[in-house]
Amino acid sequence: VDPQRPKMASETDGGDCAADVLQALTEQIFGDMKLATPAFDELLKAAGKYQALLEQVNQAAGAFVDCIAKVANTATRARGATEELGLSLQKVAGRHRAIIGERVVQTQKLIDQFILPLSRRLKTDSKNVPKMEDEFKSMQKAMRADLKKAESATAKAQQKSKKSGDEGYLVDQAVQTYNQKQRAFEAFQQRCLKSALIEERRRYCYLIDNYCSVFAPLDFVRSQADQDLITDIMNLVAQPEELPPASEAVILENSTDGRFQEDNEIGANNSIAFVAPSPLTREVEAHHRRRATAAAPQDMLPPGCPPGGLSELIVTEDQYNPRRPSQAPPALAGASLPPELARAAARGVPLTPRPSVSK
């Protein structure tokens, strides 16, 4: 073999082996996400039971504080220093009632910000994750078949060159084509592994964010150490759409030369498809982007609400009625009508002339 000729990537840097390892890691992540689904289902059921019991506890606590307040009222009717005891007990009962009110709000948040989003997420993932896996398998199968064709074409060019001895340029061209497709295939595997890692991480970022938003204000922060813990974990989940360096290292340490295959090295194959995130994952990305840029009142919007609030969901009369004001009947075009008739014409109500009454 001429030492000056380019060598196939699989002969020099183990390109085939790296692509196989990356593919195996991607398939393992898809398997882990499917194995985690029963744990999420169990969590959803436990959250429903917990919320139901919290409602019962809040009702019982409210009844208890009402009874305390009644006793305090009887104490205020006493004479001497006992009246002061009654007034103080009323203040304590009022504070207890405020705490119960906070618990009632937390119980409702458990539904709106944890149970319903998690249920929606599980339903979407049950359809989307298998679809993502199927798309990945079909794409990598097609690219691997294309790579096999390039390898076969290279072997044929080498045999033809040995027989003729004057067609070395065909071998060089075939080897370059194979190396190009090999880098494209490895870049595809890197992208798929990165997408799978991000999708897996986002599921937990989404869960932790909702979990802490419900329980952290009342239950988790008892000291400065608790506050630091909550701050740290919220910083970890603040950018679920980005892959941290530790996760990128998983890709690089299993790649050729420990680096990402750039698009400019792939040439004509720079439009490699990759596994797209699920619709709810994109919703989570938008949610975190709004939290990073929106004002405090917008941060309090319920999940699924538009950034501008519920007013964006209001349908105007023109949107509801298919006939626009500019599409008035031809007979009325350019006519000057009273306001009542103009509004009726805009809504498409047929206008009939009022019969004249002879005097």
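Residues numbered from 1 in each chain as written. Predicted model: local features only at pLDDT ≥ 70, side-chain atom pairs only at ≥ 80, totals over all residues. Heavy atoms only, no water.

Topic: the overall build of the protein chain
Summing up its helical and strand segments, the protein chain has ten helices and zero strands in all. Written out in order from the N terminus, the α and β elements of the protein chain read α-α-α-α-α-α-α-α-α-α. Taken across its 359 residues, the protein chain has 29% of its residues classed as buried. Taking all contacts inside the protein chain whose residues are at least 6 apart in sequence as the whole, residues at least 24 apart take part in 80%. Summed over its atoms, the accessible surface of the protein chain is roughly 22,300 Å², and 57% of this surface lies on carbon and sulfur atoms. (Helix = DSSP H or I, 4+ residues; strand = E, 2+ residues; numbered from the N terminus. Buried < 20%, exposed > 50% of the residue type's maximum accessible area, 1.4 Å probe, protein only. Contact = heavy atoms within 4.5 Å. Areas by Shrake-Rupley, 256 points an atom, 1.4 Å probe, with all protein chains shown as cover.)

Details of the nonpolar core
Of all hydrophobic cores here, the largest spans 20 residues; its most connected members are Ile29, Phe30, Leu193, Leu197 and Ile251. Where this core is concerned, the elements lending two or more residues are helix H2 (15-76), helix H3 (82-164) and helix H4 (168-220). Excluding residues that lie within four positions of it along the chain, leucine 197 makes contacts with Ile29, Leu243, Ser247 and Ile251. Counting twelve residues, the second largest nonpolar core, distinct from the first, contains Ala36, Phe114, Leu207 and Phe215. (Core = buried A, V, L, I, M, F, W, Y, C linked by side-chain atoms within 4.5 Å.)

So, the pattern of salt bridges
All chains considered together, the criterion is met by nine salt bridges. Among the salt bridges present, the one from arginine 97 reaches aspartate 66, with a minimum N-O distance of 3.1 Å. With arginine 97 in helix H3 and aspartate 66 in helix H2, the pair connects residues that are 31 residues apart, well separated along the chain. Owing to a relative accessible area of 37%, arginine 97 belongs among the partly exposed residues under this scheme. The exposure class assigned to aspartate 66 is partly exposed, which follows from its relative accessible area of 37%. Salt-bridge contacts for arginine 121 lead to glutamate 199; the nearest nitrogen and oxygen are separated by 3.2 Å. On the criterion of sequence distance, the pair formed by arginine 121 in helix H3 and glutamate 199 in helix H4 is long-range, its members being 78 residues apart. Pair check on accessibility: arginine 121 and glutamate 199 agree, each one buried. (Salt bridge = Lys/Arg side-chain N within 4 Å of Asp/Glu carboxyl O.)

Considerations on H3
Taking 1.5 Å per residue, 83 residues should reach 123 Å; H3 reaches 117 Å between its end C-alpha atoms and fits that length. The sharpest bend along H3 comes to roughly 35 degrees, located at aspartate 125. (Expected span 1.5 Å × (residues − 1). Bend = angle between axes of the 7 residues up to and from the residue.)

What to know about the packing of aromatic side chains
Throughout the structure, instances matching the rule amount to eight aromatic pairs. An aromatic cluster is defined as three or more aromatic residues linked by ring pairs; in this entry it consists of Tyr50, Phe114, Tyr211, Phe215 and Phe220. Sitting over the face of the ring of phenylalanine 40, arginine 203 holds its NZ or CZ atom 5.2 Å from the ring centroid. (Phe/Tyr/Trp six-rings, centres within 6.5 Å; stacked < 30°, edge-to-face > 60°. Lys NZ or Arg CZ within 6 Å of the ring centre and 35° of its normal.)

Focus on the confidence of the model for the protein chain
For the protein chain, per-residue confidence averages 76 on the pLDDT scale, and 67% of positions sit at 70 or higher. The model gives residues 295-335 a pLDDT under 50, and that stretch makes 35 contacts with residues more than four places away or in other chains. Across residues 355-359, where pLDDT falls below 50, the model places zero contacts with residues more than four positions away in sequence or in other chains. (pLDDT = per-residue confidence, 0-100.)

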